[in-house]
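# Descriptive analysis of the structure
Take a look at the letters that make up each chain.
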Amino acid sequence: MSELPNLAPSKPSEPPNPSAKAMLNKEKRVILNPMAPMTFLLRNAGKTIPLALVIVMAVMLIAGIIALIDSIPLSIKTIYSYSKVSLGLSPRGDPSETPKLLSIIKKEAPVPIDRVLVCRASGSQVRSIVGEWPFLVLGLSQPDITYFLDRQAVTHLEGHYPSPGKPEILVSKPVATNLHLHIGSPLLGPDKEYSYSPLVVKVVGIADTNKWLMVDSIEYQRLYYYPPADFAMVFAKNPVDEEKLDTWATKRFLGSNAQVFTYDDIEKQTEDMFKTLFLLLDLVIGMLTLVITLMMGLLINIYQSQRLVEFGLLQAVGYTKKKLVLRSLFENVLIVALGWVLGLLASYILLVILDALLMAPQAYALNVIDTKALEYTIPVPITVLFTACFTVFWRFRNFDPVAVVERRLV
Amino acid sequence: MPVLLAASKATLKYLDHDGEVFACKDIELEIDEGEFLGILGPSGSGKSSLLYILSGLKTPTSGAVSVDSDNLSDLSDEKRSQLRLSSFGFVFQQPYLLGYLSALENVLISDRSGPEEAINLLDRLEMKEKMHRLPHELSGGERQRVCVARALQGKPRVIFADEPTASLDHKNGLAVVELLNENRGNGALVMVTHDPSMLKKADRIVKIEDGQLV
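All of these numbers come straight from a predicted model, not from anything done at the bench.

What counts and how
- Residues numbered from 1 in each chain as written.
- Chains lettered and ligands numbered in written order.
- Predicted model: local features only at pLDDT ≥ 70, side-chain atom pairs only at ≥ 80, totals over all residues.
- Helix = DSSP H or I, 4+ residues; strand = E, 2+ residues; numbered from the N terminus.
- Rg over C-alpha atoms; globule rule 2.2 N^0.38 Å.
- Buried ≥ 20, exposed ≤ 12 C-beta atoms within 10 Å, placed from the backbone.
- pLDDT = per-residue confidence, 0-100.
- Contact = placed C-beta atoms within 7 Å.
- Nonpolar A, V, L, I, M, F, W, Y, C, P; charged D, E, K, R; others polar.
- Pairing = 2+ DSSP bridges.
- Expected span 1.5 Å × (residues − 1).
- Axes fitted to C-alpha atoms, helices over the stretch in contact; angles between N-to-C directions.
- Domains from an automatic or database assignment.
- Parallel < 35°, antiparallel > 145°, perpendicular 65-115°, else oblique.
- Left-handed = near helix turned anticlockwise from the far one by under 90°.
- Core = buried A, V, L, I, M, F, W, Y, C linked by C-beta atoms within 7 Å.

### Overview of the overall build of chain A
Counting secondary structure elements, chain A contains 15 helices and 10 strands. Its C-alpha atoms give chain A a radius of gyration of 34 Å, clearly above 22 Å, the size a compact globule of 410 residues would have. With the C-alpha coordinates of chain A rotated into their principal frame, the extents come out at 115 × 50 × 40 Å. In chain A, which comprises 410 residues, the proportion classed as buried is 37%.

Set out below in structure tokens:
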């Protein structure tokens, strides 16, 4: 060996310059299993992170769009959620029918009834995510207001109940937030087309609950509103029986002189209303997924091409095609899973920010953990993974390691 | 010495624009355990092709290559790969290393033994100081030393070296051959080269011309 040139470096003493110092720091590098999929991903973060980022962006985009669109029906359902705990029953045409309807309810209801509130209703509006939305002002007697607020889980009341016959109204916190109301703010009035009242009606109470409520006195409504029809709000003794009561009433009064209002019905109508929108959305998301998949396919193809020498060398020294394909696929699974999870996390953060800045100040409903949005993102990792598998199998189909070691492929 | 590797009428032919071309023709060759066999031939003589069929990287179109009397052609692709990984070491013309792995991790690719032996080998090849460096931080000669360590790791039964000095100057080339020969232990060394001076320590030299041993 003495006459042979020394290929080894001279032993380092003091690092001569900063780059040499940096190099010496690398002497402490952790030894990783060279064939573990994570090794490639960790040591090639510059290549793997952009791939994962494409998926992150796609997932974030899809989840964000779906959650925001989904907030429209959700907002509407939330606005009417007060009707979840009661059944509404109104006579059609003839106001004198109401006592008959109450009698039927009392005699034939399939579940024990806790209370039937006789009330009046007039119209107002709230702001929804899709613009102005109609909302009921319920006219109730003083004892019924107490019962109604109790069933709507009101925990605290700022101000007082609307006095009988006076132009006063009680609203819940979400309504106050939505319409920027305070105690003393006018809500209804003669100059308001869709929140009409002959007198200016001011807010006298704000109820602390997550339900949307507008309540004034039944005496005020009887004095100033037309038509002079009372309707009934029926409360089951046990709130879990409400659905059974709704189903029964819908069948019982079908074709009769009464109109039934149930939360289920509102929910169904809302879903029907947005069916076409979601169908179009399916199409857009489908196209988006296709574009992302094609883009990812091309990226993965480039990514695999850059690794031909690696695959050739490993196959030449004895790694089976199967092991290399599995390793490559596992790497892709890790990238796609990482991208998907980070995408969901990013969309969650985005939605939380949107909720705080845009939705909550208007009391709009936004589900930041929307399962529908999650479902819509699932095709992205699946199709990308499918494309990755196809690309990997295609690449390895007729791969000849000798072509690499003979430098015919590189 | 018992015969480790044998080629019997091994032929490798392929089709190109001019018709059938014989890369190797009717090769009859036996390699003993621990033997240093030099395969000498000019460029295009078929010496690399011979190395590929002896090592199972290519399957002869006719004839047979056997290891311990087992015909390589009878083995599945997976079994042949396993044999290469467990029993053969390779040094190629170019010092192929995986760019994202350190010198030490590149040696560990051979998967025949643990890091202790790899560090020992790198120490013997005077590369211990740089074992944590990435390939781009090493010179050409240093990279080829790492390739030699990878081929020697786990004491393979045969080391196949395909012009291992091709990318090096003469002195560095000789040093690499010396390192291979000194550190191969009981393993056989089959080295292909066009340079006879690289085979001074070979136990036996066979010459190949136009795909045939002469």
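### Overview of the overall build of chain B
Of the regular secondary structure elements, chain B holds six helices and 10 strands. Relative to the compact-globule value of 17 Å for 214 residues, chain B shows a C-alpha radius of gyration of 17 Å, a close match. Dimensions of chain B, computed from C-alpha atoms along their principal axes, come out at roughly 50 × 35 × 35 Å. Out of the 214 residues in chain B, the part that is buried amounts to 54%.

### Overview of the confidence of the model for chain A
The share of residues in chain A with pLDDT of 70 or more is 92%, and the mean pLDDT across the chain is 87. This stretch, residues 1-25 of chain A, has a pLDDT under 50; its non-local contacts, to residues over four places away or in other chains, come to 26 contacts.

### Observations concerning the interface of chain A and chain B
Listed per partner, the contact involves 34 residues of chain A and 40 residues of chain B. Of all the secondary structure elements, the ones that give two or more residues to the side of chain A that touches chain B are helix H2 (37-43), helix H11 (308-317), helix H12 (321-359) and helix H15 (401-405) of chain A. Broken down by element, the residue count for the side of chain A that touches chain B peaks at five residues, all from H11(A). Looking at the side of chain A that touches chain B residue by residue, the classes come out as 20 nonpolar, four polar and 10 charged.

### Description of the pairing of strand E9 (residues 231-236) of chain A
Residues and elements named next belong to chain A. Burial within E9 is extensive, with six of its six residues counted as buried. Residues Phe231, Met233 and Phe235 line one face of E9 and the alternating positions Ala232, Val234 and Ala236 line the opposite face, and both faces are buried. Where strand E1 (residues 87-91) and E9 come together, three bridges link them in antiparallel fashion. Note on E9: the bridge partner recorded for glycine 88 is methionine 233. With six bridges joining them, strand E2 (residues 113-128) and E9 adopt antiparallel strand pairing. Bridge assignment links cysteine 119 to a residue of E9, and that residue is phenylalanine 231.

### Observations regarding the environment of B:Ser102
Residue and element names in this part refer to chain B. Structurally, serine 102 is set in the loop between strand E6 (88-91) and helix H3 (103-108). For serine 102, a count of 27 C-beta atoms within 10 Å puts it in the buried group. A sequence separation of 32 residues divides serine 102 from leucine 134, and the C-alpha atoms of the two residues are 4.4 Å apart.

### Observations concerning the environment of B:Leu138
Residue and element names in this part refer to chain B. Examined against the element boundaries, leucine 138 turns out to sit in the loop between helix H4 (115-124) and helix H5 (140-152). Between the C-alpha atom of leucine 138 and that of alanine 103, which follows or precedes it by 35 residues, the distance is 8.8 Å. Those residues within four positions of leucine 138 in sequence are excluded, and the remaining contacts are Ala103, Lys130, Arg133, Arg143 and Val146.

### Observations regarding the sheet that holds strand E5 (residues 70-71) of chain B
Read from one edge of the open sheet, four strands run E2-E1-E4-E5 (chain B), paired in antiparallel fashion. The open sheet has two free edges, formed respectively by strand E2 (19-32) and E5 of chain B, since each of these has just one partner strand.

### Structural notes on H5(B)
Residues and elements named next belong to chain B. A rise of 1.5 Å per residue sets the reference length of H5, with its 13 residues, at 18 Å; its end C-alpha atoms lie 18 Å apart and thus fit the reference within 8%. A large share of H5 lies buried, amounting to 12 of its 13 residues. Within the sequence span of H5, burial applies to Gly141, Glu142, Arg143, Gln144, Arg145, Val146, Cys147, Val148, Ala149, Arg150, Ala151 and Leu152. On its buried face, H5 is in contact with E6, H3, H4, strand E7 (158-162) and helix H6 (170-183). The positive-phi residue at the C-terminal boundary of H5 is glycine 154, with phi of around 80°.

### Side note on the confidence of the model for chain B
The predicted model of chain B averages 91 in pLDDT, with 100% of residues at 70 or higher. Across the whole predicted complex the pTM is 0.76, and at the interface the ipTM reaches 0.91.

### Considerations on the sheet that holds strand E8 (residues 188-193) of chain B
Residues and elements named next belong to chain B. The six strands are arranged E6-E7-E8-E3-E9-E10 in an open sheet whose pairing can be described as mixed. The two strands at the open ends of the sheet, each matched to only one other strand, are E6 and strand E10 (212-213). One ladder, built from four bridges, connects E6 with E7; its direction is parallel. Looking across to E7, one finds that phenylalanine 90 is bridged to phenylalanine 160. Relative to the sheet, helix H1 (residues 47-54) contacts strand E3 (36-40), E7, E8 and strand E9 (204-209), its axis offset from that of E8 by approximately 155°.

### Here we look at the domain arrangement of chain A
All names here are of chain A. What the domain assignment lists for chain A is domain 1 (37-75 + 275-405) and domain 2 (113-236). Between the C-alpha centres of domain 1 and domain 2 the distance comes to 49 Å. Opposite the six residues of domain 1 that make contact, domain 2 presents seven residues. Here the side of domain 1 that touches domain 2 is built from residues that sort into three nonpolar, three polar and no charged.

### Quick word on unusual backbone geometry
All names here are of chain B. Unusually for a residue other than glycine, glutamate 126 sits at a positive phi of about 55°. For glutamate 126, a count of 17 C-beta atoms within 10 Å puts it in the partly exposed group. Despite not being glycine, lysine 155 has its phi angle at roughly 50°, a positive value. Turning to its location among the elements, lysine 155 is positioned in the loop between H5 and E7.

### Description of the packing of helix H3 (residues 45-79) of chain A against H12(A)
Residue and element names in this part refer to chain A. Relative orientation of the contacting elements H3 and H12 amounts to 40°, with a least axis distance of 7 Å. Here H3 is positioned oblique relative to H12, judged by the angle of their axes. Crossing geometry of H3 relative to H12 is assigned as right-handed.

### Considerations on the nonpolar core
By size, the foremost hydrophobic cluster in this structure holds 111 residues, and its most contacted members are B:Leu122, B:Val148, B:Ala149 and B:Val190. Aside from chain neighbours lying at most four places away, what touches B:Val148 is B:Val91, B:Leu125, B:Val176, B:Leu179 and B:Leu180.

### Some words on the packing of H12(A) against helix H14 (residues 379-397) of chain A
A pair of packed helices is captured by two measures, namely the crossing angle of their axes and the spacing between those axes. All names here are of chain A. At a closest axis distance of 10 Å, the pairing of H12 and H14 adopts a crossing angle of 155°. Considering their axes alone, H12 and H14 lie roughly antiparallel with respect to each other. Remark: the crossing between H12 and H14 carries right-handed chirality. Packed against H12, whose contacting residues are Lys321, Leu324, Val325, Ser328, Leu329, Asn332, Val333, Val336, Ala337 and Trp340, the element H14 presents Val380, Pro381, Val384, Leu385, Ala388, Cys389, Val392, Phe393 and Phe396 at the interface. The residue makeup of the contact of H12 with H14, split by class, is 16 nonpolar, two polar and one charged.

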